[in-house]
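# Examining the three-dimensional arrangement
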Amino acid sequence: MALRPVMVNIKALDASAVGRFWAEALGWSAYSPGVTTYVGPAGGLVWPDPVAVCVDVVPVPEPKTSAKNRVHLDLATTSAAHQAELVARLQALGATPVDVGQGNVPWTVLADPEGNEFCVLEPRETYRDTGPIAALVVDCADPRAMARFWGEAMDWTLHEVTDDHAVLRSAKGVGSYLEFLRTPDVKTVPDRVHLDLLPYPGDDKAAEVARLRALGATDLDLGQGDVPWTCLADPEGHEFCVLAPS
């Protein structure tokens, strides 16, 4: 039994506008199958995508606070020229430079039009075949513990683990990475960005949720009411959802 990550869920006041931004940023397409704006590879809506962890922008009434998101996207580039071109294009689309204390680093930290931080990385061999999203990065206190929980939750392979950094990727060796980065700050507000997980065909959602609780996940009431998905938090309080197979 295992779950697969299928979407990065981003909350926004204007889901359509933020969805269009991310579609332009990733070179993907924006689809509006309902109240959310789904961003995935061009060529027609496919859900779940067989390779990519896509983006789903969900409308909410509350704006982002000044607190830095503890989950963010790292975007891949193929050359120094590509990195410079992408940063310039994103700023023209409404992204703004952000200082999160990164100092003098080779990557560029930006925020989308509603303030969600993300990074445009310098070219790295590790991310040469990930597609536009190199990694989903989670700030945490204990990368080893996070790797244990998420490694058990999903069928992804652990590539690296130290006291400061842990890296997982699909066992098929495709798509983005999931990375846990040790940081000194603590979680103070609900995450504006989180992962949505999906059972494999034939697997039982209730059994998967029970398994996650046994691993240390806790139930979460965000005012979601009676919905077909289940809201949980990992052992450090990062929210995520287990979706119902459709």
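In what follows, the accompanying structure is described. (Residues numbered from 1 in each chain as written. Predicted model: local features only at pLDDT ≥ 70, side-chain atom pairs only at ≥ 80, totals over all residues. Heavy atoms only, no water.)

What the protein contains, in helices and strands, is four helices and 16 strands. Relative to a compact globule of 246 residues, whose C-alpha radius of gyration would be 18 Å, the protein shows 17 Å and is just as compact. A principal-axis box enclosing the C-alpha atoms of the protein has dimensions of 50 × 40 × 35 Å. Counting over 246 residues, the protein shows a buried share of 48%. Summarising the internal contacts of the protein: among those between residues at least 6 apart in sequence, 62% fall at separations of at least 24. Total accessible area computed for the protein in this model is approximately 11200 Å², and 55% of it derives from carbon and sulfur atoms. The protein carries 19 positive and 34 negative side-chain charges, and their two centres are separated by 2 Å. (Helix = DSSP H or I, 4+ residues; strand = E, 2+ residues; numbered from the N terminus. Rg over C-alpha atoms; globule rule 2.2 N^0.38 Å. Buried < 20%, exposed > 50% of the residue type's maximum accessible area, 1.4 Å probe, protein only. Contact = heavy atoms within 4.5 Å. Areas by Shrake-Rupley, 256 points an atom, 1.4 Å probe, with all protein chains shown as cover. Lys, Arg positive; Asp, Glu negative; His and termini not counted. Charge placed at Lys NZ, Arg CZ, Asp CG, Glu CD.)

Attention now goes to the environment of D49. Within the element layout of this structure, D49 appears in the loop between β3 (37-40) and β4 (54-59). In this structure, D49 is in contact with Y38, P41 and C54, ignoring residues within four places of it in sequence. Within the structure, D49 has its side chain in polar contact with the backbone nitrogen of V51 (distance 2.9 Å). A polar contact is formed between the side chain of D49 and the backbone nitrogen of A52, at a distance of 2.7 Å. (Polar contact = N/O pair within 3.5 Å; in protein donor to acceptor, adjacent residues only side chain to side chain.)

Time to look at the sheet that holds strand β1 (residues 3-12). A sheet is described by the order of its strands in space; here eight strands give the open sequence β2-β3-β4-β1-β13-β16-β15-β14, paired in mixed fashion. Either end of the sheet is taken by a strand with one partner, and the two such strands are β2 (29-31) and β14 (218-219). Judged from the six bridges that link them, β1 and β4 form a sheet pairing that is parallel. When the bridges of β4 are listed, K11 appears paired with V58. With respect to the sheet, helix α1 (residues 15-26) is in contact with β1, β2, β3 and β4, its orientation differing from that of β3 by roughly 5°. (Pairing = 2+ DSSP bridges. Axes fitted to C-alpha atoms, helices over the stretch in contact; angles between N-to-C directions.)

Turning our attention to the side chain of T230. If you trace the backbone, T230 turns up in strand β15 (residues 230-233). At 2.7 Å, the side chain of T230 forms a polar contact with the side chain of K205. The residues touching T230, leaving out its near neighbours within four places in the chain, are K205, V209, F240, C241 and V242.

This part takes up the packing of α1 against helix α2 (residues 80-92). At a minimum axis separation of 10 Å, α1 and α2 run at an interaxial angle of 160°. In terms of axis orientation, α1 runs roughly antiparallel to α2. The element α1 and its partner α2 pack so that their crossing is right-handed. Residue-level inspection shows F21, E24 and A25 of α1 in contact with α2, the latter providing L86, R89 and L90. (Parallel < 35°, antiparallel > 145°, perpendicular 65-115°, else oblique. Left-handed = near helix turned anticlockwise from the far one by under 90°.)

Turning our eyes to something else, we now look at the nonpolar core. Core analysis: the biggest nonpolar cluster contains 60 residues, and W22, L90, F118 and W150 have the highest contact counts within it. If we skip the residues at most four places from it in the chain, F118 touches F21, W22, H72, L73, L75, L90, A95, T108, V109, L110, A111 and D112. Formed by ten residues, the second largest nonpolar core is a distinct cluster that contains V109, A134, A135 and V137. (Core = buried A, V, L, I, M, F, W, Y, C linked by side-chain atoms within 4.5 Å.)

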